[in-house]
Amino acid sequence: MILKCDICGHEFDLENAGCCDCGFGCGGSMVKCPECGLHMDLPEELREEHERVYNEKTIFAKLEKKLAEDEQKQQ
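Residues numbered from 1 in each chain as written. Predicted model: local features only at pLDDT ≥ 70, side-chain atom pairs only at ≥ 80, totals over all residues. Heavy atoms only, no water.

Novice: Mind showing me how you'd approach the nonpolar core here?
Specialist: In a soluble, globular protein the nonpolar side chains are often hidden away together inside. Core analysis: the biggest nonpolar cluster contains nine residues, these being Leu-3, Cys-5, Phe-12, Ala-17, Val-31, Cys-33, Met-40, Leu-42 and Leu-46. Residues within four places of Cys-33 in sequence aside, it is in contact with Cys-5, Cys-8, His-10, Phe-12, Leu-38 and Met-40. (Core = buried A, V, L, I, M, F, W, Y, C linked by side-chain atoms within 4.5 Å. Buried < 20%, exposed > 50% of the residue type's maximum accessible area, 1.4 Å probe, protein only. Contact = heavy atoms within 4.5 Å.)

Novice: Explain the layout of surface pockets here, please?
Specialist: Over the atoms, a rolling probe the size of a water molecule traces out where space has been left empty. In this structure, the largest pocket spans a volume of roughly 290 Å³. Around the largest pocket, the lining residues are Leu-14, Glu-15, Ala-17, Gly-18, Cys-19, Val-31, Glu-49, His-50, Val-53, Tyr-54 and Lys-57. Those elements giving two or more residues to the lining of the largest pocket turn out to be β3 (18–19) and α1 (44–56). Looking at the lining of the largest pocket, the element that brings in the most residues is α1, giving four residues. For the lining of the largest pocket, the residue count by class is six nonpolar, two polar and three charged. (1 Å grid on protein atoms, 1.4 Å probe; cavity = no way out; pocket = protein on both sides within 12 Å on 5 of 7 lines; lining within 4 Å. Points joined across faces, edges and corners; volume = space filled by probe spheres on them. Helix = DSSP H or I, 4+ residues; strand = E, 2+ residues; numbered from the N terminus. Nonpolar A, V, L, I, M, F, W, Y, C, P; charged D, E, K, R; others polar.)

Novice: What exactly am I supposed to notice about the state of the cysteines here?
Specialist: Joining two cysteines, a disulfide is a covalent bond between their sulfur atoms. Here the structure, examined in full by the defined rule, presents zero disulfides. Among the cysteines around Cys-8, which has no disulfide bond, Cys-5 carries the closest sulfur, lying 3.7 Å off. Overall, Cys-8 belongs to the partly exposed group, its relative accessible area being 37%. Distance from the sulfur of Cys-33, which forms no disulfide, to the nearest cysteine sulfur (Cys-8) is 3.8 Å. (Disulfide = S-S within 2.5 Å.)

Novice: Explain helix α2 (residues 59–74) to me, please; I cannot follow it from the model alone.
Specialist: Structural remark: α-helix, 3.6 residues per turn; residues separated by three or four positions point the same way. Between its first and last C-alpha atoms α2 spans 23 Å; for 16 residues at 1.5 Å apiece the expected length is 22 Å, and the two agree. Buried residues are scarce in α2, accounting for zero of its 16 residues. (Expected span 1.5 Å × (residues − 1).)

In structure tokens, the structure reads:
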């Protein structure tokens, strides 16, 4: 799906979008325009999958995965 920046009009694919670094805890529901850096809301149809991938990359998700692996090794 092609996204269009509300400010600069640049059209880009979600794969080319920058990761949101807004600092407001959006949970990955926003992306950054690769041209001007504007943080944009994702369309509803893309939000769920993008949020899942975003949340898998958090330090808490990585820690939870590592703890589960360590627990399995101990058993």
